[in-house]
Amino acid sequence: MHDHRRLGRELGLFDTDPLIGAGLPYWLPDGALVRHTLEEYVREAERAAGYRHVYSPVLGKRELYEISGHWAHYSDDMFPPMELGSEQVVLRPSLCPHHALLYRSRSRSYRELPYRMAELGGMYRSELSGVLGGLTRVRAIHLNDAHIFCTPDQAVEEARAALALIARAYADLGIRAARHRLSLPGGGGKYVADPALWERATALLREVLDASGTAYEAVEGEAAFYGPKIDVQIADPAGRETTLSTVQIDFHQPERFDLHYTGPDGARHRPVMVHRSIIGSVERAVAHLLEEHGGAFPVWLAPVQLVVLPVGEDQEERAYDVVRRAGGLGLRAEVAGCGEGSLGARIRRARLVPYQAVLGAREAADGLLAVRLRDGRRPGALPVQEVLRRVAERAARRGTALWDPA
């Protein structure tokens, strides 16, 4: 059973420092590389699906969150306001109020809808020290968030497409959903009191799940304060479930922020706001990837994709030449030289690297690399250019496979 906190320290990905504070991990170079690659993957997938990316501030006036409903329903999880002259500003607990303001920054026509707005942005939760843990429960969260502003007739298809994006990402990342949950309101006063909007949003989400053929369980008490949601649940090695990805249909915030668009009839109409996150927070996604793969990331995500192992010092110059050629193809490659120990010891240390290329006297003379795959397979000695081409193609196609037939 893998613990992402231990793996993160062993692999030099992330750590914490008491002077920075609990629940505020920092990312080391290899961890930052994994995170950056994951973020770029998400942005690329979103661009291809018609999303437009924005940036919004991590602070907002208290009044903003009073309008959105966060202050009334969520303030226990927010950091206290900061006094700036006569104003109070708050570290944001969510990106959706900011995106609502960006949408209403100018008039919109029905011809522009659906308008898909995405941001990989920071948000902050005042979590108690006792619940903090590694990357799974932190106080500074970097969320892969998006909001789709659409007509009521477009909401089901937009939410269904979001579920499909999530499924594709899980396949590329090599992770599995434990189950899909339709999260509904429970008792108490933490939810917006508007039964008609809840019923309408819930009916649409059920339609989304049924149309996509997704099995799900309805669970009360797990909804957002403003509406129901589809939660994609993942499980850690001990079987504990957490939510990674979400899809929500929201009628509440468009009303609170008086959002509208001009319809074909020339009149003002209220849009629907679809909230969705493909991989949830980057922190939780990396934690789960570490535990799911035991640190053996898919090729395209691995901090080092190819390690070249010269058998003797005479082959080291050739090894560095291979690494330079690999870098020219966009690959992340390193040399594990003879000064780092015996060949066997170097191979063992590189056990999580997808590809190991042994370079002995014969290989160097013939322009070959003796390839060993992380899973134990040995394709044998192949020309350097063919090895690099195969690795580059495999990384570009993403997914979890290591080697393709010739």
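Below is a short write-up of the structure. (Residues numbered from 1 in each chain as written. Predicted model: local features only at pLDDT ≥ 70, side-chain atom pairs only at ≥ 80, totals over all residues. Heavy atoms only, no water.)

**Regarding the side chain of D172**
- On the secondary structure map, D172 appears in helix α6 (residues 155–173).
- For D172, a relative accessible area of 7% gives the class buried.
- In this structure D172 touches Y41, P298, W300, R398, G399 and T400, once residues within four positions along its chain are discounted. (Helix = DSSP H or I, 4+ residues; strand = E, 2+ residues; numbered from the N terminus. Buried < 20%, exposed > 50% of the residue type's maximum accessible area, 1.4 Å probe, protein only. Contact = heavy atoms within 4.5 Å.)

**Quick word on the packing of aromatic side chains**
- Applying the stated rule across the entire model yields 6 aromatic pairs.
- Summarising the aromatic geometry, the rings of Y103 and F149 are spaced 4.5 Å apart at their centres and angled 20° between planes, so their arrangement reads as stacked. Remark: F149 occurs in strand β8 (residues 140–150) and Y103 occurs in helix α5 (residues 96–103); sequence separation between them is 46 residues.
- Exposure remark for Y103: the relative accessible area of 1% places this residue in the buried category.
- Centre to centre, the rings of Y355 and W403 are 6.2 Å apart; their planes meet at 55°, and the pair counts as tilted. Pair noted here: Y355 is in strand β18 (residues 355–359) and W403 is in the segment after α13 (384–396), with a separation of 48 residues, a long-range link. Like Y355, the residue W403 is buried in the burial classification.
- Across the ring face of Y51, the terminal group of R276 is positioned such that the distance to the ring centre comes to 4.8 Å. (Phe/Tyr/Trp six-rings, centres within 6.5 Å; stacked < 30°, edge-to-face > 60°. Lys NZ or Arg CZ within 6 Å of the ring centre and 35° of its normal.)

**A closer look at helix α2 (residues 29–48)**
- A rise of 1.5 Å per residue sets the reference length of α2, with its 20 residues, at 28 Å; its end C-alpha atoms lie 28 Å apart and thus fit the reference within 8%.
- If you check which residues of α2 are buried, you get G31, V34, R35, T37, L38, E39, Y41, V42, R43, A45 and E46.
- Remark: G50 follows α2 within two positions and exhibits a positive phi of approximately 90°. (Expected span 1.5 Å × (residues − 1).)

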